[in-house]
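Reading the structure
Spelled out from the first residue to the last, the chains are:
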Amino acid sequence: MQLEALLNYPRALPAMPRAVSDLLSEMNKEDPSPKRVSELIARDPALTTRVLRLSNSAFFRVSRKIGNVDEAVAMLGMTHVRSLVMAAALGSSFKGVPGIDLKQFWRYSLRTAEIAKSLAGTLYQNQGNAFTAGLIHAIGILIMHIAMPDEMAPIDMGTPALDLNRARAELLVFDYCYADVGAGMAERWQFPAETVSALRHQIKPFEGETYDALGGVIHLASWRARAEEIQLDEQGLAATFPDMVGLTLGLDLDSVLGKDPEDWEFSQALGAFLD
(Lines give C-alpha, C1' and ligand atoms only; values in the text may rest on other atoms or scores of the structure.)
Protein backbone atom coordinates (compact mmCIF):
# COMPACT_ATOMS: atom_id res chain seq x y z
CA MET A 1 0.00 0.00 0.00
CA GLN A 2 1.34 3.45 -0.92
CA LEU A 3 1.80 5.98 1.88
CA GLU A 4 -0.94 8.33 0.67
CA ALA A 5 -3.37 5.43 0.33
CA LEU A 6 -2.49 4.26 3.83
CA LEU A 7 -3.11 7.69 5.34
CA ASN A 8 -6.48 7.81 3.59
CA TYR A 9 -7.47 4.29 4.66
CA PRO A 10 -10.70 4.84 6.63
CA ARG A 11 -10.10 2.44 9.52
CA ALA A 12 -6.36 3.01 9.91
CA LEU A 13 -6.38 6.64 11.00
CA PRO A 14 -8.75 7.28 13.91
CA ALA A 15 -10.39 10.66 14.12
CA MET A 16 -9.14 12.97 16.83
CA PRO A 17 -11.95 13.40 19.40
CA ARG A 18 -13.25 16.99 19.24
CA ALA A 19 -12.60 17.62 22.93
CA VAL A 20 -8.99 16.50 22.57
CA SER A 21 -8.49 18.49 19.37
CA ASP A 22 -9.77 21.69 21.03
CA LEU A 23 -7.62 21.06 24.11
CA LEU A 24 -4.44 20.51 22.12
CA SER A 25 -5.17 23.64 20.11
CA GLU A 26 -5.42 25.66 23.32
CA MET A 27 -2.37 24.06 24.94
CA ASN A 28 -0.25 24.62 21.83
CA LYS A 29 -0.60 28.38 22.31
CA GLU A 30 2.35 30.28 23.76
CA ASP A 31 0.29 31.21 26.82
CA PRO A 32 -2.56 28.70 27.23
CA SER A 33 -5.42 29.68 29.52
CA PRO A 34 -5.95 27.29 32.48
CA LYS A 35 -9.56 28.52 32.67
CA ARG A 36 -10.18 27.64 29.01
CA VAL A 37 -8.47 24.25 29.44
CA SER A 38 -10.69 23.50 32.45
CA GLU A 39 -13.81 24.48 30.49
CA LEU A 40 -12.88 22.19 27.58
CA ILE A 41 -12.16 19.24 29.86
CA ALA A 42 -15.44 19.76 31.72
CA ARG A 43 -17.35 19.38 28.43
CA ASP A 44 -16.21 15.76 28.12
CA PRO A 45 -17.48 13.51 30.97
CA ALA A 46 -14.98 10.71 30.24
CA LEU A 47 -12.03 13.12 30.20
CA THR A 48 -13.28 14.81 33.36
CA THR A 49 -13.38 11.43 35.13
CA ARG A 50 -9.83 10.60 34.02
CA VAL A 51 -8.45 13.97 35.10
CA LEU A 52 -10.03 13.71 38.54
CA ARG A 53 -8.91 10.09 38.92
CA LEU A 54 -5.29 10.99 38.12
CA SER A 55 -5.41 14.06 40.37
CA ASN A 56 -6.47 11.89 43.30
CA SER A 57 -4.04 9.06 42.55
CA ALA A 58 -1.27 8.04 44.93
CA PHE A 59 1.35 9.68 42.70
CA PHE A 60 0.33 13.23 43.73
CA ARG A 61 -0.21 12.42 47.42
CA VAL A 62 -2.84 15.15 47.83
CA SER A 63 -3.95 15.92 51.39
CA ARG A 64 -7.60 16.32 50.38
CA LYS A 65 -9.82 15.01 47.62
CA ILE A 66 -9.76 17.02 44.38
CA GLY A 67 -13.42 17.46 43.47
CA ASN A 68 -13.55 19.59 40.32
CA VAL A 69 -11.68 20.18 37.07
CA ASP A 70 -10.46 23.69 37.97
CA GLU A 71 -8.67 22.36 41.05
CA ALA A 72 -7.31 19.40 39.11
CA VAL A 73 -5.83 21.54 36.32
CA ALA A 74 -4.26 23.91 38.85
CA MET A 75 -2.74 21.01 40.76
CA LEU A 76 -1.59 18.97 37.73
CA GLY A 77 -0.10 21.82 35.72
CA MET A 78 -0.19 22.20 31.94
CA THR A 79 2.54 19.66 31.19
CA HIS A 80 0.74 16.87 33.04
CA VAL A 81 -2.66 17.86 31.64
CA ARG A 82 -1.26 17.78 28.10
CA SER A 83 0.19 14.32 28.71
CA LEU A 84 -3.11 13.08 30.13
CA VAL A 85 -5.09 14.44 27.18
CA MET A 86 -2.77 12.67 24.74
CA ALA A 87 -2.96 9.40 26.70
CA ALA A 88 -6.75 9.60 26.80
CA ALA A 89 -6.92 10.18 23.04
CA LEU A 90 -4.53 7.38 22.17
CA GLY A 91 -5.94 4.89 24.65
CA SER A 92 -9.44 5.30 23.25
CA SER A 93 -8.35 5.31 19.59
CA PHE A 94 -6.31 2.12 19.37
CA LYS A 95 -7.78 -1.15 20.63
CA GLY A 96 -6.75 -4.68 19.72
CA VAL A 97 -4.15 -3.90 17.02
CA PRO A 98 -3.24 -7.10 15.09
CA GLY A 99 0.27 -8.35 15.80
CA ILE A 100 1.02 -5.77 18.51
CA ASP A 101 1.32 -6.25 22.26
CA LEU A 102 -0.32 -2.94 23.20
CA LYS A 103 0.72 -3.11 26.85
CA GLN A 104 4.37 -3.37 25.83
CA PHE A 105 3.94 -0.77 23.09
CA TRP A 106 2.50 1.87 25.45
CA ARG A 107 5.08 1.06 28.11
CA TYR A 108 7.81 1.63 25.54
CA SER A 109 6.14 4.80 24.20
CA LEU A 110 5.80 6.30 27.69
CA ARG A 111 9.41 5.45 28.45
CA THR A 112 10.50 7.17 25.24
CA ALA A 113 8.39 10.21 26.13
CA GLU A 114 9.91 10.59 29.57
CA ILE A 115 13.48 10.12 28.31
CA ALA A 116 12.80 12.66 25.53
CA LYS A 117 11.46 15.12 28.08
CA SER A 118 14.53 14.65 30.25
CA LEU A 119 16.97 15.07 27.34
CA ALA A 120 15.07 18.13 26.12
CA GLY A 121 15.56 19.73 29.53
CA THR A 122 19.30 19.15 29.27
CA LEU A 123 19.34 20.79 25.83
CA TYR A 124 17.02 23.67 26.83
CA GLN A 125 14.31 22.49 24.46
CA ASN A 126 10.57 22.58 25.21
CA GLN A 127 10.00 19.57 27.47
CA GLY A 128 6.24 19.40 26.89
CA ASN A 129 6.73 19.17 23.12
CA ALA A 130 9.42 16.53 23.59
CA PHE A 131 7.14 14.43 25.79
CA THR A 132 4.27 14.60 23.29
CA ALA A 133 6.52 13.79 20.32
CA GLY A 134 8.05 10.90 22.24
CA LEU A 135 4.66 9.52 23.21
CA ILE A 136 3.38 9.41 19.62
CA HIS A 137 6.68 8.87 17.74
CA ALA A 138 5.90 5.22 16.91
CA ILE A 139 2.15 5.53 16.38
CA GLY A 140 2.72 4.80 12.71
CA ILE A 141 3.46 1.18 13.61
CA LEU A 142 -0.09 0.78 14.93
CA ILE A 143 -1.62 2.41 11.87
CA MET A 144 0.39 0.17 9.52
CA HIS A 145 -0.70 -2.94 11.40
CA ILE A 146 -4.36 -1.91 11.30
CA ALA A 147 -4.31 -1.17 7.56
CA MET A 148 -1.90 -3.91 6.40
CA PRO A 149 -1.88 -6.80 8.87
CA ASP A 150 -0.92 -9.41 6.26
CA GLU A 151 1.96 -7.34 4.89
CA MET A 152 3.26 -6.52 8.37
CA ALA A 153 3.26 -10.09 9.69
CA PRO A 154 6.40 -11.24 7.77
CA ILE A 155 8.28 -8.10 8.89
CA ASP A 156 7.27 -8.75 12.50
CA MET A 157 8.65 -12.27 12.33
CA GLY A 158 12.09 -11.13 11.14
CA THR A 159 12.29 -7.74 12.83
CA PRO A 160 9.90 -7.21 15.78
CA ALA A 161 8.14 -3.88 16.19
CA LEU A 162 10.59 -2.59 18.81
CA ASP A 163 13.76 -3.90 17.15
CA LEU A 164 16.48 -1.29 16.63
CA ASN A 165 16.38 -1.99 12.88
CA ARG A 166 12.61 -1.77 12.51
CA ALA A 167 12.56 1.41 10.41
CA ARG A 168 15.11 -0.02 7.97
CA ALA A 169 13.09 -3.22 7.57
CA GLU A 170 9.92 -1.27 6.75
CA LEU A 171 11.75 1.00 4.30
CA LEU A 172 13.06 -2.01 2.38
CA VAL A 173 9.53 -3.33 1.86
CA PHE A 174 7.39 -0.19 1.52
CA ASP A 175 9.86 2.64 0.77
CA TYR A 176 8.45 4.41 3.85
CA CYS A 177 8.36 3.58 7.56
CA TYR A 178 6.42 4.25 10.75
CA ALA A 179 8.05 7.69 11.06
CA ASP A 180 6.50 8.85 7.78
CA VAL A 181 3.12 7.41 8.74
CA GLY A 182 3.23 9.01 12.20
CA ALA A 183 4.12 12.39 10.71
CA GLY A 184 1.18 12.11 8.31
CA MET A 185 -1.12 11.25 11.20
CA ALA A 186 0.14 14.19 13.27
CA GLU A 187 -0.35 16.52 10.31
CA ARG A 188 -3.96 15.40 9.89
CA TRP A 189 -4.52 15.78 13.62
CA GLN A 190 -3.19 19.36 13.30
CA PHE A 191 -0.23 18.95 15.61
CA PRO A 192 2.33 21.79 15.66
CA ALA A 193 4.71 21.86 12.68
CA GLU A 194 7.67 21.22 15.02
CA THR A 195 6.13 17.94 16.18
CA VAL A 196 5.30 16.82 12.65
CA SER A 197 8.85 17.57 11.53
CA ALA A 198 10.37 15.70 14.48
CA LEU A 199 8.29 12.60 13.73
CA ARG A 200 9.17 12.74 10.04
CA HIS A 201 12.93 13.17 10.61
CA GLN A 202 13.39 11.07 13.76
CA ILE A 203 15.15 8.25 11.90
CA LYS A 204 17.71 10.58 10.24
CA PRO A 205 17.41 13.94 12.01
CA PHE A 206 20.67 15.41 10.70
CA GLU A 207 21.06 13.98 7.22
CA GLY A 208 21.77 16.24 4.23
CA GLU A 209 20.30 19.69 4.76
CA THR A 210 18.02 18.49 7.57
CA TYR A 211 18.70 19.69 11.09
CA ASP A 212 15.88 18.70 13.42
CA ALA A 213 16.98 18.98 17.04
CA LEU A 214 13.72 17.60 18.44
CA GLY A 215 13.93 14.75 15.94
CA GLY A 216 17.42 14.06 17.28
CA VAL A 217 16.10 13.94 20.84
CA ILE A 218 13.40 11.46 19.80
CA HIS A 219 16.02 9.39 17.98
CA LEU A 220 18.15 9.07 21.12
CA ALA A 221 15.18 8.56 23.46
CA SER A 222 13.68 5.81 21.32
CA TRP A 223 17.08 4.12 20.99
CA ARG A 224 17.43 3.98 24.76
CA ALA A 225 13.84 2.79 25.31
CA ARG A 226 14.21 0.06 22.66
CA ALA A 227 17.55 -1.00 24.12
CA GLU A 228 15.86 -1.43 27.49
CA GLU A 229 12.99 -3.44 25.97
CA ILE A 230 15.38 -5.87 24.24
CA GLN A 231 17.69 -5.86 27.31
CA LEU A 232 20.96 -4.90 25.65
CA ASP A 233 24.05 -5.36 27.81
CA GLU A 234 26.82 -2.76 28.17
CA GLN A 235 28.61 -4.02 25.08
CA GLY A 236 25.42 -3.93 23.04
CA LEU A 237 24.63 -0.39 24.22
CA ALA A 238 28.09 0.83 23.24
CA ALA A 239 27.92 -0.90 19.84
CA THR A 240 24.48 0.47 18.89
CA PHE A 241 24.62 3.98 20.36
CA PRO A 242 23.74 6.54 17.62
CA ASP A 243 27.01 8.42 18.11
CA MET A 244 26.61 10.83 15.19
CA VAL A 245 23.21 11.98 16.46
CA GLY A 246 24.61 12.25 19.96
CA LEU A 247 27.66 14.17 18.76
CA THR A 248 25.48 16.65 16.85
CA LEU A 249 23.45 17.32 20.00
CA GLY A 250 26.48 17.29 22.28
CA LEU A 251 25.40 14.13 24.12
CA ASP A 252 27.55 11.04 24.58
CA LEU A 253 26.55 7.51 25.63
CA ASP A 254 27.03 8.13 29.34
CA SER A 255 24.98 11.33 29.31
CA VAL A 256 22.07 9.64 27.52
CA LEU A 257 22.13 6.60 29.81
CA GLY A 258 22.76 8.64 32.93
CA LYS A 259 19.95 11.15 32.45
CA ASP A 260 17.15 9.24 34.14
CA PRO A 261 13.71 10.84 34.01
CA GLU A 262 12.68 12.50 37.25
CA ASP A 263 9.01 11.93 36.55
CA TRP A 264 8.92 8.22 35.71
CA GLU A 265 6.37 7.56 38.46
CA PHE A 266 4.00 9.92 36.65
CA SER A 267 4.33 7.89 33.47
CA GLN A 268 3.51 4.73 35.40
CA ALA A 269 0.34 6.41 36.68
CA LEU A 270 -0.41 7.69 33.18
CA GLY A 271 -0.04 4.18 31.77
CA ALA A 272 -3.44 3.27 33.20
CA PHE A 273 -5.06 5.60 30.70
CA LEU A 274 -3.51 3.70 27.78
CA ASP A 275 -4.76 0.25 28.82
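Reading guide: rules and limits
Residues numbered from 1 in each chain as written. Predicted model: local features only at pLDDT ≥ 70, side-chain atom pairs only at ≥ 80, totals over all residues. Heavy atoms only, no water. Helix = DSSP H or I, 4+ residues; strand = E, 2+ residues; numbered from the N terminus. Rg over C-alpha atoms; globule rule 2.2 N^0.38 Å. Buried < 20%, exposed > 50% of the residue type's maximum accessible area, 1.4 Å probe, protein only. Contact = heavy atoms within 4.5 Å. Phe/Tyr/Trp six-rings, centres within 6.5 Å; stacked < 30°, edge-to-face > 60°. Polar contact = N/O pair within 3.5 Å; in protein donor to acceptor, adjacent residues only side chain to side chain. Core = buried A, V, L, I, M, F, W, Y, C linked by side-chain atoms within 4.5 Å. Axes fitted to C-alpha atoms, helices over the stretch in contact; angles between N-to-C directions. Parallel < 35°, antiparallel > 145°, perpendicular 65-115°, else oblique. Left-handed = near helix turned anticlockwise from the far one by under 90°. Salt bridge = Lys/Arg side-chain N within 4 Å of Asp/Glu carboxyl O. Arc of directions from axis to C-beta.

**Here's the deal with the overall build of the protein chain**
On a plain count of helices and strands, the protein chain comes out with 18 helices and 0 strands. Relative to the 2.2 N^0.38 estimate, which gives 19 Å for 275 residues, the radius of gyration of the protein chain is 18 Å and therefore close to what a compact globule would have. Buried positions account for 53% of the 275 residues belonging to the protein chain. In the protein chain, the proportion of contacts linking residues at least 24 apart, taken out of those at least 6 apart, comes to 66%.

**With respect to the packing of aromatic side chains**
Summed over all chains, the structure comprises 5 aromatic pairs. When the centroid spacing of 5.6 Å and the interplanar angle of 25° are considered together, the rings of F174 and Y176 count as stacked. When the ring of W189 is compared with that of F191, the centres are 6.2 Å apart and the planes differ by 15°; the resulting orientation is stacked. Here W189 and F191 have matching classes, each one buried.

**Looking at the side chain of E229**
Among the secondary structure elements, E229 is positioned in helix α14 (residues 213-229). Looking at E229, its side chain comes within polar contact range of the side chain of Q104, at 3.2 Å.

**Considering the nonpolar core**
Within the largest apolar cluster, 91 residues are counted, with the highest numbers of intra-cluster contacts made by L6, I41, L90, L142, M144 and F191. By residue number, the principal contributor to this core is helix α7 (residues 102-122), which donates 10 residues.

**Remarks on the environment of R18**
Here R18 lies in helix α2 (residues 18-27). Accessibility expressed as a relative area gives 63% for R18, which makes it exposed. Note: C-alpha distance between R18 and V256 (238 residues apart in sequence) is 37 Å.

**Brief notes about the packing of α7 against α14**
Taken N-terminus to C-terminus, the directions of α7 and α14 make an angle of 135°; their axes are 8 Å apart at the nearest point. Considered as vectors, α7 and α14 are oriented oblique to each other. The interaxial crossing formed by α7 with α14 has right-handed handedness. Here Q104, R107, Y108, R111, T112, I115, A116, L119 and A120 of α7 come into contact with α14, specifically with V217, I218, L220, A221, S222, R224, A225, R226, E228 and E229.

**So, the environment of G67**
Its place among the elements puts G67 in the loop between α4 (45-55) and α5 (69-76). G67 gets classed as exposed once you look at its relative accessible area, which sits at 54%. Through-space distance from the C-alpha of G67 to that of P160 is 44 Å; in sequence the pair is 93 residues apart.

**Description of unusual backbone geometry**
Positive phi values are uncommon outside glycine, yet D175 reaches one of about 70°. Within the element layout of this structure, D175 appears in the loop between α11 (166-174) and α12 (178-188). Positive phi outside glycine occurs at Q231, with the angle close to 60°. Residue position: Q231 is located in the loop between α14 and α15 (234-240). Taking the relative accessible area as the measure of exposure, Q231 reaches 69% and is therefore exposed.

**Side note on the side chain of H219**
Residue placement: H219 occurs in helix α14. Residue class for H219 comes out buried when judged on its relative accessible area of 17%. When neighbours within four sequence positions are excluded, H219 is seen to be in contact with Q202, I203, P205, P242 and V245.

**Considering the packing of α7 against helix α9 (residues 139-147)**
The contact between α7 and α9 brings their axes to 11 Å, and the two run at 155°. Taken together, the axes of α7 and α9 lie roughly antiparallel to each other. In this structure, α7 uses L102, F105 and W106 to contact α9, whose residues at the interface are I139, I141 and L142.

**What about the pattern of salt bridges?**
Counted by the stated rule, this structure contains 12 salt bridges. Here E228 ties to R111 by a salt bridge, and the two come within 2.8 Å at their closest N and O atoms. On the criterion of sequence distance, the pair formed by E228 in helix α14 and R111 in helix α7 is long-range, its members being 117 residues apart. Among the residues examined, E228 registers a relative accessible area of 35% and is labelled partly exposed. Judged by relative accessible area, R111 falls into the buried class, the value being 12%. Among the ionic pairs, R224 bridges to E228, the shortest N-O distance being 3.2 Å.

**Some words on helix α3 (residues 34-42)**
One turn of an α-helix holds 3.6 residues; hence residues three or four places apart share an orientation. Taken as a whole, α3 has its buried residues at V37, S38, L40 and I41. For α3, the angular spread of buried residues about the axis comes to 165°, placing them on one side. Away from the buried face of α3 by more than 90 degrees, exposed residues K35 and A42 are located.

Fair warning: the whole summary comes from geometry, so function is off the table for now.
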